[in-house]
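Structural characterization, general
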Amino acid sequence: MADWAAVVLAGGAARRMGGVDKAGVPIGGRPMRDRVLDAVVDADVRVVVGPAGPVPMGVRSTRESPPGGGPVAAVAAGLSLLPAGTPTVALLAADLPLLTRDAMRLLRDQLADPAVDGACLVDLDGRRQHLCGVWRVAPLRVALDRLAAARGGSLDGASVRALLAGLAVRDVPWPGAGPPPWFDCDTDEDVRRAEEWTR
């Protein structure tokens, strides 16, 4: 049984960046996906969900069903590769190049409170970054089953907000110095900003 796992969602269409393989865009000379995987290097199991491609040694990979079915379908695919009994999983977008091990440790520490199902970083405006969080696997699986049942068995196109709506979520502001670990790269300008922060 794994103590904790990380699922990195790398299947986004990147429409605002011309449809490139966003997870593979380099920041500081390394693909964003690999930088995210570095932040969870101490996880017992690491899974990348997205189109086929190279992943670091020891990292598992899979694809959501249907391909391009969105983040909730990707979460379901990633969870299917976790060892039975894994208690905790990080759900992370692949476009978080400033994510750090310290940020992950902060999130995992929140689950010491048994009343909390999960914890997400929030940005400077207090907006929850749903795919920069850590979750208890059991309630997450229940939420997936509930959402699939409400949608006639399909998770295709379901929203992460809908998935997490019934869970007890703790919002966690980043107290540290330096670049914000919740910063995601949705545009070319975001990539430029992230590059500047890594210099």
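Everything in this summary refers to the structure shown in the same document. (Residues numbered from 1 in each chain as written. Predicted model: local features only at pLDDT ≥ 70, side-chain atom pairs only at ≥ 80, totals over all residues. Heavy atoms only, no water.)

**A look at the sheet that holds strand β8 (residues 128-136)**
Defined as follows: For two strands to count as paired, DSSP must find a minimum of two bridges between them. To qualify as a helix, a DSSP run of H or I must reach at least 4 residues; to qualify as a strand, a run of E must reach at least 2; elements of each kind are numbered from the N terminus. Axis lines are fitted through C-alpha atoms, for helices just across the contact stretch, and the angle between N-to-C directions can take any value from 0 to 180 degrees. Contacts were defined at the residue level, with two residues in contact if any of their heavy atoms lie within 4.5 Å.
Taking strand neighbours across the sheet as the criterion, the 7 strands line up as β5-β4-β1-β6-β8-β7-β9 in an open arrangement whose pairing is mixed. The open sheet has two edge strands with one neighbour each: β5 (60-62) and β9 (169-173). Mean inter-strand twist for the sheet, computed between neighbouring axes without regard to direction, equals 25°. Note: strand β7 (residues 118-122) against β9, 5 bridges, orientation parallel. Each bridged residue has a counterpart across the sheet, and for Ala119 the counterpart in β9 is Arg170. Helix-sheet contacts for helix α1 (residues 32-39) involve β1 (4-9), β4 (45-49) and β6 (88-93), and the interaxial angle to β4 is about 155°.

**Some details on helix α6 (residues 188-198)**
In plain terms, the rule: Burial status follows relative accessibility: with a 1.4 Å probe on protein chains alone, a residue under 20% of its type maximum counts as buried, one over 50% as exposed, and anything between as partly exposed. This arc describes the spread of directions from the helix axis toward the C-beta atoms.
All buried positions along α6 are accounted for by Asp190, Val191 and Ala194. For α6, the angular spread of the buried residues around the axis is 100°, confining them to a single face. Buried residues in α6 make contact with β2 (26-27).

**Some thoughts on the nonpolar core**
Rules: Only buried residues count toward a nonpolar core. Its members are Ala, Val, Leu, Ile, Met, Phe, Trp, Tyr and Cys residues joined through side-chain atoms within 4.5 Å.
If you look at the biggest cluster of nonpolar residues, it comprises 37 residues, and the most contacted ones within it are Leu92, Leu99 and Met104. Elements with a contribution of two residues or more to this core: β1, α1, β6, α3 (101-110), β7, β8 and α6. When residues in this core are grouped by element, the largest group, 4 residues, is from α1. In this view, Met104 contacts Trp4, Ala39, Val40, Ala90, Leu92, Leu99 and Val134; residues no more than four positions away in its chain are not counted. Counting 31 residues, the second-largest nonpolar core is a separate cluster that includes Val45, Leu82, Ala148 and Leu163.

**Section: the environment of Ser159**
Keep this limit in mind: Here a polar contact is taken to be a pair of N or O atoms separated by no more than 3.5 Å, where protein atoms must pair a possible hydrogen donor with a possible acceptor and residues adjacent in sequence count only if both atoms sit in side chains.
Relative to the helices and strands, Ser159 is located in the loop between α4 (137-150) and α5 (160-164). Expressed as a C-alpha distance, the spacing of Ser159 and Pro71, which sit 88 residues apart in the sequence, is 7.1 Å. A polar atom in the side chain of Ser159 sits 3.0 Å from the backbone nitrogen of Ala162.

**Considering the packing of aromatic side chains**
To keep things clear, this is the line we draw: Geometry of aromatic contacts follows a simple scheme: Phe, Tyr and Trp rings, the Trp one being its six-membered ring, pair when their centres are within 6.5 Å, and the pair is stacked under 30 degrees between planes, edge-to-face over 60, tilted otherwise.
This structure, assessed with the given rule, holds 1 aromatic pair. When the centroid spacing of 5.0 Å and the interplanar angle of 75° are considered together, the rings of Phe183 and Trp197 count as edge-to-face. Taken as a pair, Phe183 in the loop between β9 and α6 and Trp197 in helix α6 lie far apart in primary sequence, 14 residues in all. Looking at Phe183, the relative accessible area reads 6%, which means it is buried.

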